[in-house]
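# Overview (structure and organization)
Each chain, letter by letter, is given below.
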Amino acid sequence: MTQKQNIRILLILGLVFGSLGGWLLHLRIHPPAKVAINLLPFIAGMVNIIIIPALFFSAAATPYVYVVNGMLVIIGAITMAHVSLWHLPPSVTLQTIFVGTLLADIFLLFTNFFFGKALFELELFKAIDAQVRKGRFFRYPNMGYWGVHAIALTAVYAAGHLLWR
């Protein structure tokens, strides 16, 4: 096994265990047997635990899986932030923001993004010391691409929430 293959397996295992940890936390807080809407994150969690890591083993599928993984992270972060804002305690302090919201869960979710990004970079760039990527910051595969999509998806989510109450 080459060093690259070893690193790929370790990153995929990190993706699996990070997803599994978040999924188990979500099951404890929101069991799907209680409310039907909890089935959606249950299924998204299963996709993140099984399908996404399995597809990262394919070099040809890596760019597509990277985008799907990133979009799932953005959508998950948006919905968790919405739930946290909806259930804010009466007095907001630094402690309630860190302990009384889903901020820790959002941080855990972002580990999936960074594992996916590392797997994508490992496959896309053949040499570790490759030259710096050129091109526009907000274009794929640069990080600005994710910022633009996070802002756009947040705006669409907020507009949908405000218009269809």
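Reference entry: report on the structure contained in this document. (Residues numbered from 1 in each chain as written. Predicted model: local features only at pLDDT ≥ 70, side-chain atom pairs only at ≥ 80, totals over all residues. Heavy atoms only, no water.)

### Points about the pattern of salt bridges
Inspection of every chain in the model, using the stated rule, returns 3 salt bridges. With a closest N to O distance of 3.9 Å, Glu 123 and Lys 4 form a salt bridge. With a gap of 119 residues between them, Glu 123 in helix H5 (residues 103-124) and Lys 4 in helix H1 (residues 3-29) connect regions that are remote in the sequence. Note that Glu 123 is salt-bridged to Arg 8, the shortest N-O span being 2.4 Å. (Salt bridge = Lys/Arg side-chain N within 4 Å of Asp/Glu carboxyl O. Helix = DSSP H or I, 4+ residues; strand = E, 2+ residues; numbered from the N terminus.)

### Focus: the packing of aromatic side chains
What describes a pair of aromatic rings is the distance from one ring centre to the other and the angle between the planes of the rings. In the structure shown here, the tally under the stated rule is 7 aromatic pairs. Each ring, one from Phe 113 and one from Phe 114, has its centre 5.2 Å from the other, and the planes form 75°; the classification is edge-to-face. Residue Phe 113 is classed as buried on the basis of its relative accessible area, which comes to 5%. On the numbers, 4.9 Å between centres and 85° between planes, the contact of Tyr 145 with Trp 146 is edge-to-face. The class for Tyr 145 is buried, based on a relative accessible area of 13%. Exposure remark for Trp 146: the relative accessible area of 5% places this residue in the buried category. Taken together, the ring pairs connect Tyr 66, Phe 113, Phe 114, Phe 120, Tyr 145 and Trp 146 into an aromatic cluster. (Phe/Tyr/Trp six-rings, centres within 6.5 Å; stacked < 30°, edge-to-face > 60°. Buried < 20%, exposed > 50% of the residue type's maximum accessible area, 1.4 Å probe, protein only.)

### Some remarks on the packing of H1 against helix H2 (residues 39-56)
Between H1 and H2, the least distance of the axes is 9 Å, while the angle of their chain directions is 175°. Classified by the angle between their axes, H1 and H2 sit roughly antiparallel to one another. Here Arg 8, Ile 12, Leu 15, Val 16, Ser 19, Leu 20, Trp 23, His 26 and Leu 27 of H1 come into contact with H2, specifically with Pro 41, Phe 42, Gly 45, Met 46, Asn 48, Ile 49, Ile 52, Pro 53 and Phe 56. Tallied by class, the residues present in the contact of H1 with H2 amount to 13 nonpolar, 4 polar and 1 charged. (Axes fitted to C-alpha atoms, helices over the stretch in contact; angles between N-to-C directions. Parallel < 35°, antiparallel > 145°, perpendicular 65-115°, else oblique. Contact = heavy atoms within 4.5 Å. Nonpolar A, V, L, I, M, F, W, Y, C, P; charged D, E, K, R; others polar.)

### What about H5?
The periodicity of an α-helix, 3.6 residues per turn, causes residues three or four positions apart to be oriented the same way. Between its terminal C-alpha atoms H5 stretches 31 Å, which fits the 32 Å expected from 22 residues at 1.5 Å a residue. All of the buried residues in H5 are Asp 105, Ile 106, Leu 109, Asn 112, Phe 113, Gly 116, Lys 117, Leu 119, Phe 120, Leu 122 and Glu 123. Looking at the buried positions of H5, the neighbouring elements they touch are H1, H2, helix H3 (62-86) and helix H6 (143-163). (Expected span 1.5 Å × (residues − 1).)

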